[in-house]
Amino acid sequence: MTEQSIIQLRDLKKAFGAIEVLKGINLDVPNNHCAVVMGGSGSGKSVLIKNIVGLLKPDSGSISVLGKRVDLIQGDELDQLRLSIGYLFQSGALFDSMTVSENLMFFLERHLNLSPKEANDKIMQTLEWVELPEKLNDYPADLSGGQKKRIALARAVIMEPKILLYDEPTTGLDPVSVRMVSDLIVRLQAERGITSVAITHDLLCAEIIADSVHFLQDGQFVASGSLEEISRFDHPAIATFFGNETSHAS
Ligand SMILES: Nc1ncnc2c1ncn2[C@@H]1O[C@H](COP(=O)(O)OP(=O)(O)OP(=O)(O)O)[C@@H](O)[C@H]1O
Ligand SMILES: [Mg+2]
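Note that the structure is a prediction, hence the values are computed from the model and not measured.

Chemist: Teacher, can you tell me more about helix 3 (residues 100–111) here?
Modeler: Two residues of an α-helix separated by three or four positions point the same way, owing to the 3.6 residues in each turn. For helix 3, the full list of buried residues reads Val100, Asn103, Leu104 and Met105. Lining the buried residues of helix 3 we find helix 4 (116–129) and helix 5 (145–157).

Chemist: Hey, could you run me through the sheet that holds strand 2 (residues 19–30) in this one?
Modeler: Sheets are built from strands that pair by backbone hydrogen bonding, the pairs being arranged parallel or antiparallel. The strand order across the open sheet formed by four strands is 2-1-4-5, and the pairing between neighbours is antiparallel. Two strands bound the open sheet, and with one partner strand each, they are strand 2 and strand 5 (68–69). Bridge analysis of strand 1 (residues 5–16) against strand 2 gives nine bridges, and the strand direction is antiparallel. Counterpart to isoleucine 7 in the pairing with strand 2 is valine 29.

Chemist: Hey, could you run me through the sheet that holds strand 3 (residues 34–39) in this one?
Modeler: Taking strand neighbours across the sheet as the criterion, the six strands line up as 6-7-8-3-9-10 in an open arrangement whose pairing is mixed. Each edge of the open sheet is held by one strand with a lone partner, namely strand 6 (85–88) and strand 10 (220–225). This sheet shows a mean twist of 15° between the axes of neighbouring strands, independent of strand direction. Pairing of strand 7 (residues 163–167) with strand 8 (residues 195–199), which is carried by five bridges, proceeds in the parallel orientation. Paired with isoleucine 163 across the two strands is threonine 195, which belongs to strand 8. The strands touched by helix 1 (residues 45–52) are strand 3, strand 7, strand 8 and strand 9 (212–217); relative to strand 8, the strand with the most contacts, the crossing angle is about 155°.

Chemist: Looking at this model, I keep getting lost on the site of ligand 1. Mind explaining?
Modeler: Surveying the vicinity of ligand 1 reveals the residues Phe16, Ile19, Val21, Gly39, Ser41, Gly42, Ser43, Gly44, Lys45, Ser46, Val47 and Gln90. Top element by residues in the shell around ligand 1 is helix 1. It accounts for three residues. Here the shell around ligand 1 is built from residues that sort into four nonpolar, seven polar and one charged.

Chemist: Would you mind showing me how to read the environment of asparagine 32 here?
Modeler: Along the chain, asparagine 32 falls in the loop between strand 2 and strand 3. Separated by 130 residues in sequence, asparagine 32 and lysine 162 place their C-alpha atoms 9.2 Å apart. Look past the residues within four positions of asparagine 32 in its chain and what remains in contact with it is Gln189, Gly193 and Thr195.

Chemist: Is there a simple way to think about the packing of helix 5 against helix 6 (residues 175–192) in this case?
Modeler: Packed helices, taken two at a time, are described by the angle their axes make and the gap between the axes. Packing of helix 5 against helix 6 brings their axes to within 9 Å, and their N-to-C directions diverge by 15°. Relative to helix 6, the element helix 5 lies roughly parallel. Where helix 5 crosses over helix 6, the handedness of that crossing is right-handed. Of the residues in helix 6, those in contact with Gly146, Lys149, Arg150, Leu153 and Val157 of helix 5 are Ser177, Met180, Val181, Leu184 and Leu188. Its residues assigned to classes, the contact of helix 5 with helix 6 shows six nonpolar, two polar and two charged.

Chemist: How should the pairing of strand 7 be read in this particular structure?
Modeler: Both faces of the sheet carry side chains from a regular strand, because those side chains alternate between them. Along strand 7, five of the five residues are buried, which leaves the element largely enclosed by surrounding structure. Side chains Ile163, Leu165 and Asp167 project from strand 7 onto one buried face, and the interleaved Leu164 and Tyr166 project onto a second face that is buried too. Where strand 6 and strand 7 come together, four bridges link them in parallel fashion. Along strand 7, the bridge assignment pairs tyrosine 87 with leucine 165. In this view, the connection linking strand 7 to its parallel neighbour strand 8 by way of helix 6 has right-handed handedness.

What counts as what
- Residues numbered from 1 in each chain as written.
- Chains lettered and ligands numbered in written order.
- Predicted model: local features only at pLDDT ≥ 70, side-chain atom pairs only at ≥ 80, totals over all residues.
- Buried ≥ 20, exposed ≤ 12 C-beta atoms within 10 Å, placed from the backbone.
- Helix = DSSP H or I, 4+ residues; strand = E, 2+ residues; numbered from the N terminus.
- Contact = placed C-beta atoms within 7 Å.
- Pairing = 2+ DSSP bridges.
- Axes fitted to C-alpha atoms, helices over the stretch in contact; angles between N-to-C directions.
- Near = placed C-beta within 6 Å.
- Nonpolar A, V, L, I, M, F, W, Y, C, P; charged D, E, K, R; others polar.
- Parallel < 35°, antiparallel > 145°, perpendicular 65-115°, else oblique.
- Left-handed = near helix turned anticlockwise from the far one by under 90°.
- Right-handed = clockwise from strand over helix to strand, strands pointing away.

In C-alpha cells form, the structure reads like this:
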C-alpha cells in the first residue's frame, strides 16, 4: 500500500533538451528497505537520485518522500525535508580545505542546535562508528579512497537522517573496503531503521546491501527483483552488464 512507502515515484520523467533520460519511472521503497539501482553509465541513475532529493525537478510524474511531494514543495519546506535525507555523492565531495572534524561540523553547526561539547561528542561517536577516530584532524588529501568514503558516510549520517541515498558508495575501492562500507550500510539499516536507495555497479556491494534491485535501461526499469533474479533476467542489456561484471571481477 502506498502509505507504507517511504519513497514513492510515479511515472517520473526527466529530459535535458532533446535527451529523454527518465521516461516513466515507478518505484516504491518500503520502510527499512534498501533498493539498489543498477544500469549502464549514462543511463540516468544519478539523475534519478537527484530528483528524489529535490536537486533536480522532474518534467512530469510525482515524487513522494516521507509523505511529502518533493516535486511540488520548495523553499523552507524542501530544506526541512532534506534534513531527513542523507546523500552520499558519487564523488564523495568532502571539502578539501577542511579537516575531517570540520567537514563533519559543517552541517551540524548549521542545522542542529548543539553545544560545542555535544557537537564534538557526536563527531567522535560518528568517527568511532566508521572506525576512523584517529583521522579527526587529517585533511581529505591524506586519506585513502576507502577512508574518504567512510568519512563521507559519517558526514551523511551525522544528521541522523531517516533516508539515505548512496550514489556509488564503493566504486573504486578494493574488496576489503567494499565489504567494510557495505557492512556499515547494512548496520545503518539494522540499527537505525534507515530506508535507502543505492546506486551501484558493484556486485559484491549489491549482494551485501540490496533488498531489491532495479535495472535502469533506456529511461525505464526493465527488471526489478532480487539480485539473483535480475542476474538471470532475459534481457540483452542485463546479460551484457552481468557478463562484463563477471569478466571484470575474475
Ligand atoms: N544537469 C544536467 N544537464 C544536462 N544533462 C545532464 C545533466 N545531468 C545529467 N545529464 C545527462 O543525463 C544522462 C544521465 O546522466 P547520469 O549522471 O544520471 O548517468 P549515470 O547513470 O549516473 O552514469 P554513471 O554510471 O556514469 O554515473 C547523461 O546523458 C548526462 O549527460
Ligand atoms: Mg552516476
